[in-house]
Amino acid sequence: MDMVKNFHMAQGLGETSYAHNSRLQKEVIESVMDMTLSSAMEACADVETVSIADLGCSSGRNTLSVVENVIRTVCERRRETTRQLPEFMVFLNDLPSNDFNALFSLVPEFVQKVKAEHDDGGEILVSVAGVPGSFYGRLFPSSSLHFITSFTSLHWLSQVPAGLLNKGESINKGNIYMSPASPPSVATRYVKQFQEDFSQFLRSRSQELVVGGRIVFSMLGRRNHDSHEKINECPFFETLGKSLSILISQKMVAEEKVDSFNLPYYAPSTQELEDQVYREGSFTIDSMKQDYHDWTIKYTPKMLSNFCIAATKSLICHHFGEEIIEPLFETHTQLLCEKLMAGEDIGWSKIIVVLCKSVAR
Ligand SMILES: C[S@@+](CC[C@H](N)C(=O)[O-])C[C@H]1O[C@@H](n2cnc3c(N)ncnc32)[C@H](O)[C@@H]1O
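Residues numbered from 1 in each chain as written. Predicted model: local features only at pLDDT ≥ 70, side-chain atom pairs only at ≥ 80, totals over all residues. Heavy atoms only, no water.

### Some points on the overall build of the chain
Let me state the cut-off plainly: Under the DSSP-based scheme used, a helix requires at least four consecutive residues in state H or I and a strand at least two consecutive residues in state E, with every element numbered from the N terminus. Our radius of gyration looks at C-alpha atoms and nothing else; its globule reference is 2.2 Å times the residue count to the power 0.38. Type-normalised accessible area, obtained with a 1.4 Å probe on protein chains alone, sets the label of each residue: buried when under 20%, exposed when over 50%, and partly exposed for intermediate values. It only takes one pair of heavy atoms within 4.5 Å for two residues to be counted as in contact. Computed with the Shrake-Rupley method and a 1.4 Å probe, the accessible areas treat only the protein chains shown as cover for residues. Only four residue types enter the charge count, namely Lys and Arg as positive and Asp and Glu as negative; His and the chain termini do not. Each charge is placed at NZ for Lys, CZ for Arg, CG for Asp and CD for Glu.
A count of helical and extended segments in the chain gives 13 helices and 9 strands. Relative to its length of 361 residues, the chain is compact, with a C-alpha radius of gyration of 21 Å against a globular reference of 21 Å. Looking at the chain as a whole, 55% of its 361 residues qualify as buried. Relative to all contacts within the chain whose residues are 6 or more apart in sequence, the contacts with residues 24 or more apart total 86%. Just so you have it, the chain exposes about 15800 Å², and 52% of that area is on carbon and sulfur atoms. Taking the average place of the 34 positive charges on the side chains of the chain and the average place of its 45 negative ones, the gap between the two points comes to 2 Å.

### Observations concerning the pattern of salt bridges
For clarity, the threshold we go by: A carboxyl oxygen of Asp or Glu within 4 Å of a side-chain nitrogen of Lys or Arg is what we treat as a salt bridge.
Inspection of the entire model under this criterion finds 19 salt bridges. For the salt bridge of Glu208 with Arg205, the shortest nitrogen-to-oxygen distance reads 2.8 Å. Taken together, the residues span about one helical turn, with Glu208 and Arg205 both in helix α8 (residues 184-208) at a distance of 3 residues. One salt bridge connects Arg214 with Asp286, and the closest N-O pair in it is separated by 2.8 Å. Residue Arg214 is located in strand β7 (residues 209-220), and its partner Asp286 is located in strand β8 (residues 283-294); the two are separated by 72 residues in the primary sequence. Among the ionic contacts, a cluster of salt bridges with common partners joins Glu68, Arg72, Lys113 and Glu117.

### Structural notes on the packing of helix α9 (residues 235-249) against helix α12 (residues 301-320)
Note the following rule: Between the N-to-C directions of two axes lies an angle of 0 to 180 degrees, each axis being a line fitted to C-alpha atoms and, for a helix, fitted only over the stretch in contact. For this classification, under 35 degrees means roughly parallel, over 145 means roughly antiparallel, 65 to 115 means roughly perpendicular, and everything else is oblique. Left-handed describes a crossing in which the near helix is turned anticlockwise from the far one by less than a right angle; the clockwise case is right-handed. Put simply, Ala, Val, Leu, Ile, Met, Phe, Trp, Tyr, Cys and Pro go in the nonpolar bin, Asp, Glu, Lys and Arg in the charged bin, and everything else, Gly too, in the polar bin.
With their axes 11 Å apart at the nearest point, α9 and α12 run at an angle of 50 degrees to one another. Considered as vectors, α9 and α12 are oriented oblique to each other. α12 is crossed by α9, and the crossing has right-handed handedness. Every residue of α12 that contacts α9 at Phe236, Phe237, Leu240 and Leu244 is listed here: Leu304, Cys308, Thr312, Ile316 and Phe320. In terms of residue class, the contact of α9 with α12 is made up of 8 nonpolar, 1 polar and no charged.

### Looking at the site of the ligand
Quick reminder of the rule: What makes a residue near a molecule or strand is one non-hydrogen atom of that residue sitting within 4 Å of it. For the purposes of these results, a polar contact is taken to be a pair of N or O atoms within 3.5 Å, where, inside protein, one atom must be able to donate a hydrogen and its partner to accept one; residues adjacent in sequence count only when each atom of the pair is a side-chain atom.
Lining the immediate surroundings of the ligand are 19 residues, of which Gly56, Asn62, Asp94, Phe135 and Phe151 lie closest. Note that a nitrogen atom of the ligand is positioned 3.0 Å from one of the side-chain N or O atoms of Ser134. Contact between the ligand and Phe151: a nitrogen atom at 2.9 Å from a main-chain N or O atom of the residue. Alone, the ligand offers 600 Å² of accessible surface; in the complex the protein occludes 97% of this. Mapped onto the shell around the ligand, the elements with two or more residues apiece are α2 (15-20), α3 (23-31) and β2 (87-94).

### Points about the packing of aromatic side chains
Stated precisely, the cut-off is as follows: When two rings of Phe, Tyr or Trp (its six-membered ring) have centres within 6.5 Å they constitute a pair, described as stacked for plane angles under 30 degrees, edge-to-face for angles over 60, and tilted for the intermediate range.
Using the criterion set out here, one finds 19 aromatic pairs in the structure. An angle of 80 degrees between the planes, with centres 5.2 Å apart, marks the rings of Trp295 and Trp348 as edge-to-face. Taken together, the residues Trp295 in the loop between β8 and α12 and Trp348 in strand β9 (residues 347-357) connect sequence positions 53 residues apart. Neither residue differs from the other here; Trp295 and Trp348 are each classed as buried.

### Regarding the sheet that holds β2
Applicable threshold: Strand pairing is defined by DSSP finding a minimum of two bridges between the two strands.
Read from one edge to the other, the open sheet built from 7 strands follows the order β3-β2-β1-β4-β7-β9-β8, with strand pairing classed as mixed. Because the sheet does not close on itself, it has two edges, and the strands there are β3 (126-132) and β8. With strand direction ignored, the average angle separating the axes of adjacent strands in the sheet is 15 degrees. Two strands pair when backbone bridges link them, and strand β1 (residues 49-55) and β2 are joined in this way by 7 bridges, in the parallel orientation. Looking across to β2, one finds that Thr49 is bridged to Glu87. Running at roughly 45 degrees to β9, α3 makes contact with β4 (145-151), β7, β8 and β9 of the sheet.

### A look at the confidence of the model for the chain
Keep this limit in mind: pLDDT gives the predictor's per-residue confidence on a scale running from 0 to 100.
Considering every residue of the chain, the mean pLDDT works out to 91; 93% of them sit at 70 or more. Note that pLDDT drops below 50 for residues 1-20; the model gives that stretch 42 contacts with residues more than four away or on any other chain.

### Quick word on the environment of Thr36
Residue placement: Thr36 occurs in helix α4 (residues 33-44). Separated by 181 residues in the primary sequence, Thr36 and Phe217 place their C-alpha atoms 8.7 Å from one another. For Thr36, the residues in contact, after removing those within four places along its chain, are Phe147, Thr149, Phe151 and Val216.

### Here we look at the side chain of Thr239
Along the chain, Thr239 turns up in helix α9. At 2.4 Å, the side chain of Thr239 forms a polar contact with the backbone oxygen of Pro235. Dropping the residues within four chain positions of it, Thr239 is found in contact with His332, Leu335, Leu336 and Lys339.

### Description of empty space enclosed by the protein
Let me state the cut-off plainly: Both cavities and pockets are sets of points on a 1 Å grid over the protein atoms alone; in a cavity a 1.4 Å probe fits but cannot get out, in a pocket the set is open with protein on both sides within 12 Å along at least five of seven lines, and lining residues sit with an atom within 4 Å of a point. Grid points are joined across faces, edges and corners, and a volume is the space filled by probe spheres set on the points.
Going through the model one piece at a time under the given rule, you end up with 2 cavities of 30 Å³ or more. Counted as a void, the second largest cavity has a volume near 50 Å³. Considering the residues around the second largest cavity, the lining is formed by Ile52, Ala53, Asp54, Val66, Val67, Val70, Val90, Phe91, Leu92, Phe147 and Thr149. Looking at the lining of the second largest cavity, the elements that each hand over two or more residues are β1, α5 (62-80), β2 and β4.

### Details of the nonpolar core
Put simply, the test is: Nonpolar core, defined: a set of buried Ala, Val, Leu, Ile, Met, Phe, Trp, Tyr and Cys residues in which side-chain atoms within 4.5 Å join the residues together.
Among the nonpolar cores identified, the biggest contains 37 residues, and Val70, Ile71, Phe88, Phe110, Ile124, Val126 and Phe147 are the most heavily contacted of them. Per-element accounting of this core gives the leading share, 7 residues, to α5. In this structure, Val126 is in contact with Ile71, Phe88, Val90, Phe110, Val111 and Val114, ignoring residues within four places of it in sequence. Judged by nonpolar contacts, the second largest core, of 36 residues, contains Val258, Phe261, Ala267 and Ile309.

Rendered as structure tokens:
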């Protein structure tokens, strides 16, 4: 339980950095926009008051840009059939520690823009609300939503899996996540945590969506099912673990402190996602795709390291203290440079899934 609390607290410390380092996430959203919009059209075709939610919205503009596109698409489709425009209820969810004030400060401009674009003789109503809470539980009333999105968030587990320390000794020594080099006992614990979390996510969304409603989500995934294959390494976190080992050798951080540090991160395979969806039983899979983003084409090692800081700074500060950040990420950038010069990939594999709620719960 403490771990959950710690993770959520730690997540909060880093919200601002999410907001200012969201370029990779923006690219991810753009790459799945077509699929998102066609699913929105299916889900919201005949609805008078359209309820949409973005889960893990963070505090930057990405979330509002998704919503803006969804509203535009739904309205364009309505105009084709000369029907009256619907009203929109938009729910933006993140952990309670998210900087909702920063997010809300963007809302008036967003609403004005949407109104200016769509007020052609009629009134368009867009009501926006923040919903603080974990998406690994119920957030909304039963059958109240038509369309849900969640981008680059679901690979964050609700907590670091229990049991990674055995009598004070790490069973994941030398690794900070479920790396291909981790022993099978570590993989078992991460898999169990993922299954618990993801089934809870599906169960909650199944209750909240109307029949015919859709969820579109993208998350980081493994490139194949075998978690011990090198191709499934996360280069960002692999290099972060190596950077911590270098700091141990330079006596800048205690070995035991590093041994007890693990990220609540899990990248599933498409097969695992499929299994979980079938097991839960109320969704059909409209679409599931996987692709690979090689970030070295556009970004320097320093920029990539900054993105990694944005995603992990809060967790690292919480565990090691803020003073470690500078030396750690200098080393991290250096190691990413070396990887690049050795011709290695620095990227991630992304899975995008569209689910349709097909069975009443
Ligand atoms: C990398 S950011 C993605 C932000 C945004 N969706 C985007 O694509 O730009 C991940 C977000 O997920 C949120 N998050 C992580 N675990 C969560 C949970 N259990 N419930 C709700 N939000 C969560 C984090 O707080 C963070 O804002």
